[in-house]
Amino acid sequence: MSNRLNVAPNDLSAFWMPFTANRQFKQQPRMLVAAKDMHYTTADGRKVLDGTAGLWCVNAGHCRPKITEAIQRQAAELDYAPAFQMGHPLAFELANRLVDVAPEGMDHVFFTNSGSESVDTALKIALAYQRVKGEGSRTRLIGRERGYHGVNFGGISVGGIVTNRKMFGTLLTGVDHMPHTHLPGKNAFTKGEPEHGGDLADELERIVTLHDASTIAAVIVEPVAGSTGVLIPPKGYLQRLRDICTKHGILLIFDEVITGFGRLGTPFAADYFSVIPDIITTAKGVSNGVIPMGAVFVKKEIHDAFMAGPEHMIEFFHGYTYSGNPIASAAAIATLDTYKEEGLLTRGAELAPYWEEALHSLKDAPNVIDIRNIGLVGAIELKPIDGQPTKRAFSAFVKAFEKGCLIRTTGDIIALSPPLIIEKGQIDELVDCIRDVLKAID
Ligand code: PXG
């Protein structure tokens, strides 16, 4: 018999699960065994509507035939090719295809296998770039409170989540943080970009004054912070960051691991906000979450600055065994084909008004203290139970799963980011499910 259905708790101990309450899970496992389009199937045969695109990654929906077939074909044809000093055509084809959909000027792509690797790659490119152009004193990196940039040492250093940082020593040195932009007192229940807080970008100017621009290599932010509960940039904020970085010769990195590939109704958040950074980090949606892959986009000037010195020499001492892996490349090309054929990189824009109204209809549901939305992303912030932060949202998550909807929670915030193929009726279903859940756990 297939071990798929073997979910007895005693068999679950060997796997130390990531970012999971292991003991709770193993007592009451939530097992998924199949998926198709907008739905998962659980081990006990129930259909669950995917309100989170897996973990913000399955933008085209699940088990899409084109992507599945591309992977099958590639696995049988060229399974692996060395990533260093050798090439295979698909990685080059993919890089060109990615440059085609990327914001103007993002002309080169460095492949990784995850968002965390994309972030650390981008930080290393930034530091090395400053050095190759003769500004080696620029070694500082600036992140932001409540930023999430993956879990590698670079990413947690520039990131701003205390639980992800406090256990791991002194992290990278020479890192500073801007304040986050979450101002619920002023911006609660805003639809789209909040009015208040654009001036928080001036904190970057203060940090530059403190350290001097000549010591700062790069600033990294998520255009819309996802993991810490969908924090939407206040009006004018990102443009102000761009201006300050340009003025001081500091590189601006947008971490678009979540916002890339259609999440906001534009291919990238840089397109949505009309603010073009110098480097963009991506992962997740690049391969529809099906196979690990990440891609870092850089402007031509950055790439070209490395192309100096003897031609037989390696220009940038960085890369991964699986950078541009053939099967991942095939999956990503098929993903881009699917996005293109179905208009998914802009479908979010068509659905956004409906999505916005549906989410904000929860305003009067029990314990809702804020609702935020942009593109096909949304957050419903709940009042924490006194003395038991996170418990109310976690109960909502467990209850919603029982009722047939997958939602994501962080702190006491429900975060939603469905596959971009969602239909209006399914948006209603998701919102009705959350309404029922909030009543049930009140
Ligand atoms: N940057 C950003 C902006 C992310 O959101 C990463 C980097 C790291 O990606 P990898 O592939 O190394 O996990 C992320 C990942 C959630 C959630 O529910 C978010 C992420 C991952 C898992 C869960 O908020 N983001």
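An unreviewed UniProt entry annotates the chain as Aspartate aminotransferase family protein originating from Neoaquamicrobium microcysteis. Recorded in UniProt under Cofactor (unreviewed entry), the annotation for the chain is "pyridoxal 5'-phosphate".

In this section: the overall build of the chain. On a plain count of helices and strands, the chain comes out with 16 helices and 15 strands. For a compact globule of 442 residues, the expected C-alpha radius of gyration is about 22 Å, and the chain comes in at 22 Å, within 12% of that figure. Buried residues in the chain amount to 48% of all 442 residues. Contacts in the chain between residues far apart in sequence, at least 24 positions, make up 72% of those at least 6 positions apart.

By nearness alone, 18 residues border the ligand, and G115, S116, G150, S227 and V257 come closest of all. Of all the elements in the fold, those that place two or more residues in the shell around the ligand are helix 2 (53-56), helix 5 (115-132) and strand 14 (408-410). Counting only domains with at least three residues in the shell around the ligand, you end up with domain 1 (31-60 + 344-440) and domain 2 (67-341).

Turning our eyes to something else, we now look at unusual backbone geometry. With a phi angle near 65 degrees, R146 is a residue other than glycine that sits in the positive phi range. Residue placement: R146 occurs in the loop between strand 5 (140-144) and helix 6 (153-158). According to the C-beta neighbour criterion, R146 is buried, with 20 such atoms within 10 Å.

What follows is about the pairing of strand 15 (residues 413-416). Covered by surrounding structure in strand 15 are I413 and A415 together with I414 and L416, the residues of both alternating faces. Pairing between strand 14 and strand 15: 3 bridges, direction antiparallel. Within strand 15, the position partnered with T409 by the bridge is I414. Counting the residues between successive antiparallel strands, the hairpin from strand 14 to strand 15 contains 2 residues, one of them, G411, with a positive phi of roughly 55 degrees.

Attention now goes to the pairing of strand 3 (residues 47-50). Of the pairings in the sheet, the one linking strand 2 (residues 39-42) to strand 3 comprises 3 bridges and is antiparallel in character. Following the sheet pairing, T41 is matched in strand 3 by K47. The antiparallel pairing of strand 2 with strand 3 creates a hairpin that spans 4 residues between the two strands, and G45 there sits at a positive phi of about 85 degrees. Relative to strand 13 (residues 405-406), strand 3 is paired through 2 bridges, and the arrangement is parallel. Pairing of D50 across the sheet is with L406, part of strand 13.

Moving on, we get to the environment of A308. Positionally, A308 belongs in the loop between helix 12 (300-306) and helix 13 (326-341). Along the sequence, A308 and V132 sit 176 residues apart, while their C-alpha atoms lie 9.1 Å from each other.

Attention shifts here to the nonpolar core. Taken as a class, soluble globular proteins show a tendency for nonpolar side chains to be buried jointly. Counting residues in each nonpolar core, the largest one holds 123 residues, and the members touching the most others are A126, V219 and I279. In terms of residues, this core owes the most to one element, helix 13, which gives 9 residues. No fewer than three residues from each of domain 1 (31-60 + 344-440) and domain 2 (67-341) sit in this core. Excluding anything up to four places from it in sequence, A126 contacts A217, A218, L251, I253 and I279.

Domain parsing of the chain yields domain 1 (31-60 + 344-440) and domain 2 (67-341). Each of domain 1 and domain 2 was reduced to a C-alpha centroid, and the two centroids are 26 Å apart. Contact residues are listed per partner, giving 34 residues for domain 1 and 29 residues for domain 2. Among the secondary structure elements, those contributing two or more residues to the side of domain 1 that touches domain 2 are helix 2, helix 14 (344-360), strand 11 (368-374), strand 12 (377-382) and strand 15. Here the side of domain 1 that touches domain 2 gets 9 residues from one element, more than from any other, and that element is helix 14. A class-by-class count of the residues in the side of domain 1 that touches domain 2 yields 17 nonpolar, 11 polar and 6 charged.

Rules behind the numbers
Residues numbered from 1 in each chain as written. Predicted model: local features only at pLDDT ≥ 70, side-chain atom pairs only at ≥ 80, totals over all residues. UniProt positions renumbered as here; feature names shortened; annotations may be inferred. Helix = DSSP H or I, 4+ residues; strand = E, 2+ residues; numbered from the N terminus. Rg over C-alpha atoms; globule rule 2.2 N^0.38 Å. Buried ≥ 20, exposed ≤ 12 C-beta atoms within 10 Å, placed from the backbone. Contact = placed C-beta atoms within 7 Å. Near = placed C-beta within 6 Å. Domains from an automatic or database assignment. Pairing = 2+ DSSP bridges. Core = buried A, V, L, I, M, F, W, Y, C linked by C-beta atoms within 7 Å. Nonpolar A, V, L, I, M, F, W, Y, C, P; charged D, E, K, R; others polar.

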